[in-house]
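Architecture and fold: a report
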Amino acid sequence: MTANRLGSSVVAHETDPVDPGSLRAVMRGFATGVTVVATADEDRMFAAVVNSFTSVSLAPPLILVCLKTGSRTCAAIERRGFFSVCVLADDHQRHSERLARSQPAVDDEAFEFAHGLPVIRDAPAGLLCRVDSTLVKGDHVIVIGCVVATKLAERDPLLFYNGQYRVLPGQGVADAGSTASAK
């Protein structure tokens, strides 16, 4: 085994794979925002609650989201070639919980349409994206999107930390009993 010194710790470069439960436990310690990734395809809406979302590049404007391999939302995004990403506000927890369990109806009250794509009403931030590329890694598909439009509003975001929804200090308190997965 090859190792480098990082401070007083030894960091291994080659090890056995970490079991999924250990990785999940560590990742629960990383606070994230909560987003809804959505598209419309053949008169149906598809949406997924996602916390694996980040910017990749400012020039060109690229973001990435990770979607479960084989999910209906991922398949619809690959067919359509366009999708939206909406950051959820601190009062959108009910949307997150519901959309984590089921697909939205075309007339879902949480959504409105922007340039033919479903977006969450009153989201603090949103992006419309064209699929740039996809890459299957493990049990997820990494979707790189080229941002074609943005929206920004002055609202506080919903956060997810240690298996629970959270809000920024000084704001309301998310239901402490909720343990829905934002993935």
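Residues numbered from 1 in each chain as written. Predicted model: local features only at pLDDT ≥ 70, side-chain atom pairs only at ≥ 80, totals over all residues. Heavy atoms only, no water.

An unreviewed UniProt entry annotates the chain as Flavin reductase family protein of Amycolatopsis halotolerans.

1. A short note on the pattern of salt bridges
The line we're drawing: Definition used for salt bridges: Asp or Glu carboxyl oxygen within 4 Å of a side-chain nitrogen of Lys or Arg. Numbering of helices and strands runs from the N terminus, with a helix taken as a DSSP run of H or I at least four residues long and a strand as a DSSP run of E at least two residues long. Buried residues are those whose accessible area, probed at 1.4 Å on protein chains only, stays under 20% of the maximum for their type, while exposed residues exceed 50% and partly exposed ones sit between those limits.
Across all of its chains, the model carries five salt bridges by this definition. For Asp 139, the salt bridge is made with Lys 68, and the minimal N-O distance between the two is 3.7 Å. A residue pair is termed long-range when its members are at least 10 positions apart, and Asp 139 in the loop between β11 (125-137) and β12 (140-152) and Lys 68 in strand β7 (residues 62-68) qualify at 71 residues. According to the relative accessible area criterion, Lys 68 is partly exposed, its value standing at 45%.

2. With respect to the sheet that holds strand β3 (residues 32-33)
Operational definition: Paired strands, in this sense, are two strands between which DSSP finds at least two bridges.
Judged by pairing direction, the sheet is antiparallel, and its three strands sit side by side in the order β3-β13-β14 without closing on themselves. Each edge of the sheet is formed by a strand with only one pairing partner; in this case those strands are β3 and β14 (164-166). Across three bridges, strand β13 (residues 159-161) lies against β14 in antiparallel orientation. Bridging from a neighbouring strand, Tyr 161 pairs with Gln 164 of β14.

3. Examining the packing of aromatic side chains
The condition that has to hold: Note on ring pairs: Phe, Tyr and Trp rings are taken, using the six-membered ring of Trp, and paired if centres are within 6.5 Å. Classes follow the plane angle, with under 30 degrees stacked, over 60 edge-to-face and the rest tilted. Two conditions define a charge located above a ring, namely a distance within 6 Å from the ring centre to NZ of Lys or CZ of Arg, and an angle within 35 degrees of the ring normal.
All chains considered together, the criterion is met by one aromatic pair. Between Phe 160 and Tyr 165 the ring centres are 5.2 Å apart and the planes differ by 70°, which places this aromatic pair in the edge-to-face class. This pair shows no difference in class: Phe 160 is buried, exactly as Tyr 165 is. Here the guanidinium or amino end of Arg 79 rests over the ring plane of Phe 46, the centre of that ring lying 6.0 Å away.

4. Remarks on helix α2 (residues 72-80)
An α-helix turns once every 3.6 residues. As a result, residues three or four positions apart point the same way. Heads up, the rule is: As used here, the arc is the angular range of directions from the helix axis to the C-beta atoms. A contact between two residues is defined here by any heavy atoms of the two lying within 4.5 Å.
Within α2 the residues assigned to the buried category are Thr 73, Cys 74, Ala 76 and Ile 77. All buried residues of α2 project into a common sector of 165° when viewed along the axis, lining one side. Looking at the buried side of α2, the elements it contacts are β4 (35-41), β5 (44-50), β7, β8 (82-87), β11 and β12. Positive backbone phi, approximately 85°, marks Gly 81, located one or two places after α2.

5. Some words on the state of the cysteines
We apply this condition: Here, two cysteine sulfur atoms that lie within 2.5 Å of each other are counted as a disulfide.
The full count for this structure, using the stated rule, is zero disulfides. Counting only cysteine sulfurs, Cys 66 is the nearest neighbor of Cys 74, a cysteine outside any disulfide, at a range of 10.0 Å. Taking relative accessible area as the criterion, Cys 74 reaches 2% and is therefore assigned buried. Free cysteine: Cys 129, not disulfide-bonded; nearest cysteine sulfur from Cys 146 at 7.8 Å.

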